[in-house]
Amino acid sequence: MRTREELDILRERAIALRREGKSRREIKEILGPMSNATLNDALHGVPPPEWTCRANAKDELRAAARELRSQGCAYGEIARQLGVAKGSVSSWVRDMPVHPRLSYEECRKRSAEGSRRYWAAEREVREARRGSELAAAAAEIGALTDREVLISGALTYWCEGAKSKPHRRSERVIFINGDPALITFFLRFLEVAGVTREDLIFRVYIHETADAEAAQRFWLELTGAEPGQFRQPTLKRHNPRTVRKNVAASYHGCLRVDVRRSGQLYRKIEGWVAGVAAGCALSAGQARPVSLS
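Figured I'd write up the structure that's included with this text. Keep in mind the model is a prediction, meaning the values are calculated, not measured.

Here's the deal with the overall build of the protein chain
Scanning the protein chain from terminus to terminus reveals 11 helices and four strands. Considering the protein chain as a whole, with its 293 residues, one finds that 31% of them fall into the buried category. Across the protein chain, the fraction of contacts at a sequence separation of at least 24, relative to all contacts at a separation of at least 6, is 69%. Entry remark: accessible area of the protein chain is about 19500 Å², with carbon and sulfur atoms responsible for 52%.

Structure representation (structure tokens):
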């Protein structure tokens with residue numbers, strides 16, 4: 001058990017070594033064995049050398065934590081605001097002086113402001129990274145062959161299109177979706193499958209509070225179909241208790257695509273999907289593919 005005088009001497013020597021640029025481990029090797037708590041007390045308030053502050057992915061979080069701490073926020077509040085462990089907050093800000101306790105409302109206000117500034121910068125960085133990742137992934141695909149269009153189109157239909165059931169036999173190709181890019185791809189798939197545009201019937205499904213006429217014009221232009229191929233839009237009754245998010249100008253409802261005399265095409269799609277499943281099963285070394293039903 002060290003005396004107060006010994007601890008004061010230890011603190012002076014530890015601070016001197018720290019200012020010379022020594023690491024914590026080097027200080028322990030020079031001054032002899034001591035606990036981390038003793039060394040923490042000796043170096044309290046003394047910033048570490050710059051070379052020990054290695055850059056890492058959490059530097060921005062560390063800066064945000066120190067900013068919040070400088071505003072008087074407690075460890076727990078900082079941890080909640082930044083979504084990190086309370087122990088991480090402690091390691092980032094323990095060398096900072098303790099401010100007088102703020103009121104709960106003032107702390108929340110300052111925390112919200114600090115968090116807002118952090119995410120204002122971080123959101124732009126993440127969006128840029130997301131955009132580059134999307135572009136890189138899209139570049140990996142490139143142009144599709146007709147065979148690739150048939151495979152991906154059949155799988156798309158089997159996920160999103162109408163399917164015949166044992167209790168309700170109906171082998172018709174009916175596809176409905178609200179994504180313009182997916183509708184465009186499905187029309188390309190039908191073209192590769194040998195379906196002409198004249199064999200298609202379209203119908204818009206949209207909420208009654210939206211602009212059905214504008215939506216019909218949008219899908220008409222996108223598909224390049226004749227106006228006579230579009231049936232009367234189906235309007236979904238509005239529920240006042242529902243808070244809808246799809247109310248912007250970009251909302252065009254969903255488009256239903258029906259293929260006339262499509263029983264044979266439906267069976268081809270089912271066969272193509274079964275072929276994909278069988279091929280995957282064989283490549284995985286399975287004896288039999290998983291059933292589609």
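As for the packing of aromatic side chains
How two aromatic rings sit relative to each other is given by the distance of their centres and the angle of their planes. The full count for this structure, using the stated rule, is nine aromatic pairs. Here the aromatic rings of Trp 158 and Tyr 266 are separated by 5.9 Å at their centres, their planes lie at 45°, and the arrangement is tilted. Of this pair, Trp 158 sits in helix H8 (residues 146-160) while Tyr 266 sits in helix H11 (residues 263-283), placing them 108 residues apart in sequence. In this pair, the class of Trp 158 matches that of Tyr 266, namely buried. Joined through ring pairs, the aromatic side chains of Tyr 157, Trp 158, Phe 175, Phe 186, Phe 189, Tyr 266 and Trp 272 make up one cluster.

A few points about the environment of Arg 66
Along the chain, the position of Arg 66 falls in helix H4 (residues 59-70). The sequence separation of Arg 66 and Trp 92 amounts to 26 residues, and the corresponding C-alpha distance is 7.0 Å. Those residues in contact with Arg 66 that lie beyond four places of it in its chain are Trp 92, Val 93, Asp 95 and Met 96.

Topic: the sheet that holds strand S3 (residues 234-236)
Here we have four strands laid out as an open sheet, ordered S1-S4-S2-S3, and mixed in their pairing. Pairing within the sheet leaves two strands with one partner each, and these edge strands are strand S1 (174-177) and S3. With strand direction ignored, the average angle separating the axes of adjacent strands in the sheet is 20°. Pairing analysis gives four bridges linking S1 to strand S4 (residues 254-259), with the strands arranged antiparallel. Looking at S4, one finds that Asn 177 is bridged to Leu 255.

Things to note about the pairing of strand S2 (residues 200-207)
Extensive coverage of S2 is indicated by the burial of six of its eight residues. Relative to S4, S2 runs antiparallel, the two sharing six bridges. The residue of S4 that forms the bridge with Phe 202 is Val 257. In the sheet, S2 pairs with S3 via three bridges, with the strands oriented parallel. By the bridge assignment for S3, Ile 206 is matched with Leu 235. Chirality of the crossover, the property in question, places the unit of S2, helix H10 (residues 212-223) and S3 among those that are right-handed.

Notes on the nonpolar core
Leu 190, Val 257 and Ile 269 are the most contacted members of the largest nonpolar core, which totals 30 residues. Every element with two or more residues in this core is listed here: H8, helix H9 (180-192), S2, H10, S4 and H11. If you look at the next biggest cluster of nonpolar residues, it comprises 14 residues, including Leu 61, Ala 64, Val 89 and Trp 92.

Focus: unusual backbone geometry
Located in the positive-phi region is Arg 261, a residue other than glycine, with phi close to 45°. Mapped onto the fold, Arg 261 is located in the loop between S4 and H11.

Details of the side chain of Thr 223
Its location among the elements puts Thr 223 in helix H10. Sequence-distant contacts of Thr 223, defined by excluding residues within four places in its chain, comprise Leu 187, Arg 197, Phe 202, Phe 230 and Leu 255.

As for the environment of Ala 215
By the secondary structure assignment, Ala 215 is in helix H10. Sequence separation between Ala 215 and Cys 254 is 39 residues; the distance between their C-alpha atoms is 9.0 Å. When neighbours within four sequence positions are excluded, Ala 215 is seen to be in contact with Val 204, Ile 206 and His 252.

What about the pattern of salt bridges?
Taken as a whole and assessed by the stated rule, the structure comprises 14 salt bridges. Close ionic contact of Arg 80 with Glu 77 constitutes a salt bridge, the shortest N to O distance being 2.8 Å. With Arg 80 and Glu 77 both in helix H5 (residues 75-82) and three residues apart, this pair spans about one turn of that helix. The exposure class assigned to Arg 80 is exposed, which follows from its relative accessible area of 61%. Its relative accessible area of 11% is what places Glu 77 among the buried residues. As a salt-bridge pair, Glu 113 and Arg 117 come within 3.4 Å of each other at their nearest N and O atoms. With Glu 113 and Arg 117 both in helix H7 (residues 104-141), this residue pair falls four residues apart, about one helical turn. Using a relative accessible area of 35% as the deciding quantity, one classes Arg 117 as partly exposed. Bridged by salt links that share partners, the residues Glu 67, Glu 113, Arg 116 and Arg 117 form one connected network.

The rules we used
Residues numbered from 1 in each chain as written. Predicted model: local features only at pLDDT ≥ 70, side-chain atom pairs only at ≥ 80, totals over all residues. Heavy atoms only, no water. Helix = DSSP H or I, 4+ residues; strand = E, 2+ residues; numbered from the N terminus. Buried < 20%, exposed > 50% of the residue type's maximum accessible area, 1.4 Å probe, protein only. Contact = heavy atoms within 4.5 Å. Areas by Shrake-Rupley, 256 points an atom, 1.4 Å probe, with all protein chains shown as cover. Phe/Tyr/Trp six-rings, centres within 6.5 Å; stacked < 30°, edge-to-face > 60°. Pairing = 2+ DSSP bridges. Axes fitted to C-alpha atoms, helices over the stretch in contact; angles between N-to-C directions. Right-handed = clockwise from strand over helix to strand, strands pointing away. Core = buried A, V, L, I, M, F, W, Y, C linked by side-chain atoms within 4.5 Å. Salt bridge = Lys/Arg side-chain N within 4 Å of Asp/Glu carboxyl O.

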